[in-house]
Amino acid sequence: MRFEKTKLSALATGVALGVAAMSAQAADQPSIASASPLPSVSFTGGVTLNNGASYSASVPPTEPFDFEATINPAGSHVGQSASLYAIASAEGFGQLNLNSQGQWVAYDANNLQAFDTKTLSASEAITLVDNLVANDVGASDVTLDITVGYFLESDPATLHQTAAPISVYIGANPSGCPAGTTENTATFDDLPVCNIPADRVLTDMHLTNNNVYFANGTVFIGSNTVNTPDAEKVSLTIDPGVKIIAEGGQTAIVIDRGGKIFANGTAAKPIIMTSSQDDGSLDVLNARGLWGGLTINGSATQNTTSGFAEGEGATGEYGGGTSPNDDDSSGAVTYLQIRYAGFPITADDELNTISLQGVGRGTVLDYIHSHNGADDGIEFYGGTVNAKHILVTGQDDDALDWTNGWTGDLQHVIIQHTTSGDNCIEADNLGANPIATPRSNPTISNLTCVTSLTQRSNGHAFELKAGTGMQMYNSVIGGQLESTEGCIRIAGDETFNQSGSSGNFNGTLRMENSLITEECEADLTGEGTFTTTEWFAAQANSFAGTVDLGGAEGWTNGASVNIVLPENLSLQNSFFDSVDYIGAVKDEASDWTVGWSFDFD
């Protein structure tokens, strides 16, 4: 189907001229090659379904999307008057030019029209199409391209524009079961059910939102070839609002090293992965371990001897060996609920709700809720992957776990123990060799750990052991805890030795600009070259006091938390958002969990 010319005026609805409409906590826009004669001119841009949490190469015709772009002019052009322009093309209406009235008109190469004329700043963020639903303009099964650029008023003949357009494929209106799946006679949530094969999928699969999808056995996406070129990876695309249900404890979805996942929900339509028993009758506070969860295998660094490791639950080898790719991309997962997952096969062989095994920093993870997992909520096995807006509730074991030399970044994390749980954080470098390099040493900001009297008797807020490092900032430990091993426990000679000594800490084990309860401060355990009490007392701008967490869910800062001054990590690392508060949620008005997460209580 092609665009209907009678509806083209809808393209101009809501166009923002020279004004960014992007989320303040957005993912990085993809880079776009430049056709400017000046190498210092650069462009980024993409199409987003979720206000910039992720960017997509394809969108459903039923969901609103935005075209966003950022122009980074040459330094010599900043402060000069320039005209910004955009040219769109798609089958059915040829080429159109956005004019200053916000209308898309026929493109004339001899009369290029600008949608805005202004004094250039160092970065010009623009939204070219805002909340367009393709079906509203009669578009489906078509590619829409937009080229953006500018010219100086003093030199209108020289165009500085993208070498390739920002491009999006608008899918066809779905019907029936997608290719690669098979029909099931059942219905779930009043939708038809399609079966996902319990097999290795070696062609792209796209799960559209007209069905529920059923997995009865582990599904592997892509080959398990180390360092598969990005263009050769097999993709699993999941549309907003899709629900995947799984049968059997060990059933898992595994994105292998030769695969990618694009599970990009929206705040209004999160993607849900859950048990086939999740029909409204489950005990939402106590049901756990009903299926295997989500595993992603990548080709990034492991600090194991070979640079490889074998995933638990028969999920396959991961890591990049002696030639790792720390920028490896396994796709993007945004606005995802994953419920009642994780499965303990044996005491030493367990599937987690989410296992990130050698995953590279090219992967996007944002707005993810893990609820009531049987083992760990999210475990990082080496790699360099980063994540934001992570909510872990009701975990049976550890909410966050890391090992094998993980060195990624985290921000905006809520952990709330309910009727079970071990640790908010359990952290290792490498159990078999605690001095292995690279050392586990992630950077974490704006984490709130809400402990509970129902946690295990030997549970903790943090358990830092087996040689791990940690860079913790702007974080809060609240709730109540009765532990036989301490609120914060540092364990293992190598953990102490690699972190310095009393009065001479080397900064590889850090917890700054943070607040813990007085009960937690009185329950710090572990000693070697220093004691945990000495370590916490030496942390800059961290102290114990009243931790008044509240709000509808019990994780929102109160006044006593909000008087603690934060560290602004965005000045050193562009991954981090600039914040003026510690903890995960400053106030109820800014609670980023509202709407898209699972309302389990």
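Residues numbered from 1 in each chain as written. Predicted model: local features only at pLDDT ≥ 70, side-chain atom pairs only at ≥ 80, totals over all residues. Heavy atoms only, no water.

Notes on the overall build of the protein
Per the secondary structure count, the protein includes four helices and 47 strands. For the protein, the C-alpha radius of gyration of 25 Å lies close to 25 Å, the compact-globule estimate for 601 residues. Each principal axis of the C-alpha distribution contributes one length, and for the protein these read about 75 × 60 × 50 Å. By the burial criterion, 59% of the 601 residues in the protein qualify as buried. Of all intrachain contacts in the protein linking residues separated by at least 6 positions in sequence, the fraction that spans at least 24 positions is 74%. As presented, the protein carries roughly 21,600 Å² of accessible surface, and 47% of it is formed by carbon and sulfur atoms. Positive and negative side-chain charges in the protein, numbering 20 and 71 respectively, have mean positions lying 5 Å apart. (Helix = DSSP H or I, 4+ residues; strand = E, 2+ residues; numbered from the N terminus. Rg over C-alpha atoms; globule rule 2.2 N^0.38 Å. Buried < 20%, exposed > 50% of the residue type's maximum accessible area, 1.4 Å probe, protein only. Contact = heavy atoms within 4.5 Å. Areas by Shrake-Rupley, 256 points an atom, 1.4 Å probe, with all protein chains shown as cover. Lys, Arg positive; Asp, Glu negative; His and termini not counted. Charge placed at Lys NZ, Arg CZ, Asp CG, Glu CD.)

Digging into the pattern of salt bridges
Oppositely charged side chains can form a pair if their charged atoms are brought close together. Under the criterion given, the structure shown has 18 salt bridges. A salt bridge links Asp-396 to Arg-456; the nearest nitrogen and oxygen atoms lie 3.5 Å apart. In this pair, Asp-396 sits in the loop between strand S33 (387–393) and strand S34 (400–403) while Arg-456 sits in the loop between strand S37 (443–451) and strand S38 (460–464), placing the two residues 60 residues apart along the sequence. Residue Arg-456 is classed as partly exposed on the basis of its relative accessible area of 33%. (Salt bridge = Lys/Arg side-chain N within 4 Å of Asp/Glu carboxyl O.)

Some remarks on the sheet that holds strand S32 (residues 378–381)
Taking strand neighbours across the sheet as the criterion, the eleven strands line up as S15-S18-S21-S24-S30-S32-S34-S36-S38-S41-S46 in an open arrangement whose pairing is parallel. Each of the sheet's edge strands pairs with one partner strand only, and the pair in question is strand S15 (200–201) and strand S46 (524–525). (Pairing = 2+ DSSP bridges.)

Quick notes on empty space enclosed by the protein
Following the criterion strictly, the structure yields three cavities of 30 Å³ or more and no others. Secondary structure elements with two or more residues in the lining of the largest cavity: strand S16 (205–207) and strand S18 (219–221). Residues belonging to the lining of the largest cavity are distributed by class as follows: eight nonpolar, no polar and no charged. (1 Å grid on protein atoms, 1.4 Å probe; cavity = no way out; pocket = protein on both sides within 12 Å on 5 of 7 lines; lining within 4 Å. Points joined across faces, edges and corners; volume = space filled by probe spheres on them. Nonpolar A, V, L, I, M, F, W, Y, C, P; charged D, E, K, R; others polar.)

With respect to the sheet that holds strand S9 (residues 124–132)
Taken together, four strands build an open sheet; the order of strands is S1-S2-S4-S9 and the sheet is antiparallel. The open sheet has two free edges, formed respectively by strand S1 (31–32) and S9, since each of these has just one partner strand.

Quick word on unusual backbone geometry
Between Thr-437 and Pro-438 the backbone carries a cis peptide bond, its omega angle lying at -5 degrees. The topology assignment puts Pro-438 in the loop between strand S36 (423–427) and S37. Unlike most non-glycine residues, His-389 shows phi in positive territory, near 55 degrees. Position of His-389 among the secondary structure elements: in strand S33. A positive phi angle is found at Asn-541, which is not glycine, with a value near 60 degrees.

A short note on the nonpolar core
Ranked by size, the top nonpolar core spans 71 residues in total, and within it Ile-238, Ile-261, Leu-447, Phe-462 and Ile-477 carry the most contacts. Beyond its immediate sequence surroundings of up to four residues, Ile-261 is in contact with Leu-236, Ile-238, Ile-255, Met-273, Leu-294, Ile-296, Ser-330, Gly-331, Ala-332 and Val-333. The next biggest cluster of nonpolar side chains, apart from the first, holds 38 residues, and it includes Leu-49, Ala-69, Phe-93 and Val-148. (Core = buried A, V, L, I, M, F, W, Y, C linked by side-chain atoms within 4.5 Å.)

Thoughts on the confidence of the model for the protein
Taken as a whole, the protein shows an average pLDDT of 94; of its residues, 96% reach a score of 70 or greater. Across residues 1–24, confidence stays below pLDDT 50; counting only partners more than four residues off in sequence or on other chains, it has 67 contacts. (pLDDT = per-residue confidence, 0-100.)

Re the packing of aromatic side chains
Across all of its chains, the model carries twelve aromatic pairs by this definition. Ring geometry for Phe-505 and Phe-530: centres 4.8 Å apart, planes at 80 degrees, overall edge-to-face. With Phe-505 in strand S43 (residues 504–505) and Phe-530 in the loop between S46 and helix H3 (532–537), this residue pair connects regions lying 25 residues apart in the sequence. One aromatic cluster in this structure is built from Tyr-335, Tyr-367 and Trp-596. For Arg-339, the ring lying beneath its charged end belongs to Phe-598, and the centroid distance is 3.9 Å. (Phe/Tyr/Trp six-rings, centres within 6.5 Å; stacked < 30°, edge-to-face > 60°. Lys NZ or Arg CZ within 6 Å of the ring centre and 35° of its normal.)

Examining the state of the cysteines
One pass over the full model with this rule turns up three disulfides. Each sulfur of the disulfide joining Cys-177 and Cys-194 lies 2.1 Å from the other. Classification of the bridge connecting Cys-177 and Cys-194 rests on its S-S torsion, roughly -90 degrees, and on that basis the disulfide is left-handed. Of this pair, Cys-177 sits in the loop between strand S12 (166–170) and strand S13 (182–188) while Cys-194 sits in strand S14 (residues 191–196); the two residues are 17 residues apart in sequence, bridging distant segments of the chain. Disulfide partner of Cys-424: Cys-449, at an S-S distance of 2.1 Å. For the disulfide bridge between Cys-424 and Cys-449, the dihedral angle about the S-S bond is near 75 degrees, and by the sign convention the bridge is right-handed. With a gap of 25 residues between them, Cys-424 in strand S36 and Cys-449 in strand S37 connect regions that are remote in the sequence. Here Cys-424 falls in the buried class, since its relative accessible area comes to 0%. (Disulfide = S-S within 2.5 Å.)

Let's talk about the pairing of strand S31 (residues 364–371)
Burial analysis of S31 places seven of its eight residues in the buried class, the great majority of the element. Examined bridge by bridge, strand S27 (residues 331–339) and S31 share seven bridges and lie parallel to one another. Within S31, the position partnered with Arg-339 by the bridge is His-371. With five bridges connecting them, S31 and S33 associate as parallel partners. Within S33, the residue paired with Asp-366 across the bridge is Lys-388.

So, the environment of Asp-28
If you trace the backbone, Asp-28 turns up in the segment before S1. In this structure Asp-28 comes out as exposed when scored by relative accessible area, which is 69%. It is 34 Å that separates the C-alpha atoms of Asp-28 and Ser-560, two residues lying 532 residues apart in sequence.

Considerations on the pairing of strand S4 (residues 65–72)
Among the eight residues that make up S4, eight are buried, leaving the element largely enclosed by the rest of the structure. Summarising the sheet, strand S2 (residues 42–48) and S4 pair through seven bridges and their orientation is antiparallel. Of the residues in S4, the one forming a bridge with Thr-48 is Asp-66. With six bridges joining them, S4 and S9 adopt antiparallel strand pairing.

Structural notes on the side chain of Ser-483
Note that Ser-483 resides in the loop between strand S40 (476–479) and strand S41 (488–490). The class for Ser-483 is buried, based on a relative accessible area of 14%. Polar contacts involving the side chain of Ser-483 include one to the main-chain amide nitrogen of Glu-485, which spans 3.0 Å. In this structure Ser-483 touches Ser-457, Asn-458, Gly-459, His-460 and Asp-523, once residues within four positions along its chain are discounted. (Polar contact = N/O pair within 3.5 Å; in protein donor to acceptor, adjacent residues only side chain to side chain.)

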